[in-house]
Amino acid sequence: MPKDKVEVPCAFCRGTGRSRGAVCPVCRGAGTVSLSAPTRHCAYCRGSGLQQRGSALTCGVCGGVGWVTVEEDAVPCPPCGGTGVEPAVLGESQLPCLTCRGKGVISAERAKKLPPEKRRPRRRGRGYGSGEVTLEY
Ligand SMILES: [Zn+2]
Ligand SMILES: [Zn+2]
Ligand SMILES: [Zn+2]
């Protein structure tokens, strides 16, 4: 059973409980959503609750809440570098990272068990609609 529940503000309606003249479908008008602790901002939508900037679709990772429940010992997800976006398809379809499922973090325990090629973060921009953007550090 989940232990601590926390109330987080609904990102989709920005806590107003209403979206586009209707009751917010994410929080059902409450303005807040109850999640198991610990929580953090959804990496995939960067806490916006939207699938993409300017989109009216809810984020598939957090369901539009903008927050996700993470492990107690969460560390930045190595394959996606904490962005929550699958590195293999970055710049194209923008699928949630398969390792962290878009949360941007995984448990430290899991990070240790990743195969070596997955542990190296690939630093790349998200490249909205403009082909591939590579940032070299
Ligand atoms: Zn809402
Ligand atoms: Zn999200
Ligand atoms: Zn990841």
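Cut-offs applied
Residues numbered from 1 in each chain as written. Chains lettered and ligands numbered in written order. Predicted model: local features only at pLDDT ≥ 70, side-chain atom pairs only at ≥ 80, totals over all residues. Helix = DSSP H or I, 4+ residues; strand = E, 2+ residues; numbered from the N terminus. Buried ≥ 20, exposed ≤ 12 C-beta atoms within 10 Å, placed from the backbone. Contact = placed C-beta atoms within 7 Å. Core = buried A, V, L, I, M, F, W, Y, C linked by C-beta atoms within 7 Å. pLDDT = per-residue confidence, 0-100.

This next bit is on the overall build of the protein chain. The number of helices and strands found in the protein chain is two helices and eight strands. Ordered by position from the N terminus, the helices and strands of the protein chain form the series β-β-β-β-β-β-β-β-α-α. Out of the 137 residues in the protein chain, the part that is buried amounts to 35%. When contacts within the protein chain are restricted to residue pairs at least 6 apart in sequence, long-range pairs at least 24 apart make up 51% of them.

What follows covers unusual backbone geometry. For the bond running from A37 to P38, omega is -5°, close enough to zero to count as cis. Assignment of secondary structure puts P38 in the loop between β4 (32–36) and β5 (39–41). Positive phi, normally seen in glycine, also occurs at R28, with a value near 55°. Counting through the fold element by element, R28 comes out in the loop between β3 (22–23) and β4. With phi around 55°, R46 is a residue other than glycine that occupies positive phi space. You can see R46 is positioned in the loop between β5 and β6 (67–69).

A word on the environment of A37. Tracing the backbone shows A37 in the loop between β4 and β5. A C-alpha to C-alpha distance of 5.4 Å links A37 and D4, two positions 33 residues apart in sequence.

Further remarks concern the nonpolar core. C10, V26, C42, Y44, V61, C62 and V65 are the most contacted members of the largest nonpolar core, which totals 29 residues. C10 has contacts with G15, C24, V26, C27, G31, T32, V33 and V65, leaving out every residue within four places of it along the chain.

The residue S34 is located in strand β4 in this model. A count of 12 C-beta atoms within 10 Å places S34 in the exposed class. In this structure, the C-alpha to C-alpha distance between S34 and K5, residues 29 residues apart in sequence, is 6.2 Å. Residues within four places of S34 in sequence aside, it is in contact with K5 and E7.

This part covers the environment of V61. The residue V61 is located in the loop between β5 and β6 in this model. V61 sits in the buried class, given 23 other C-beta atoms within 10 Å. Residues V61 and R101 lie 40 residues apart in sequence; the distance between their C-alpha atoms is 7.0 Å.

Low pLDDT means the predicted atomic positions in that stretch should not be read closely. For the protein chain, per-residue confidence averages 85 on the pLDDT scale, and residues scoring 70 or more make up 80% of the total. Note on residues 125–133: pLDDT is under 50 here. Beyond four places in sequence and across chains, it has 13 contacts.

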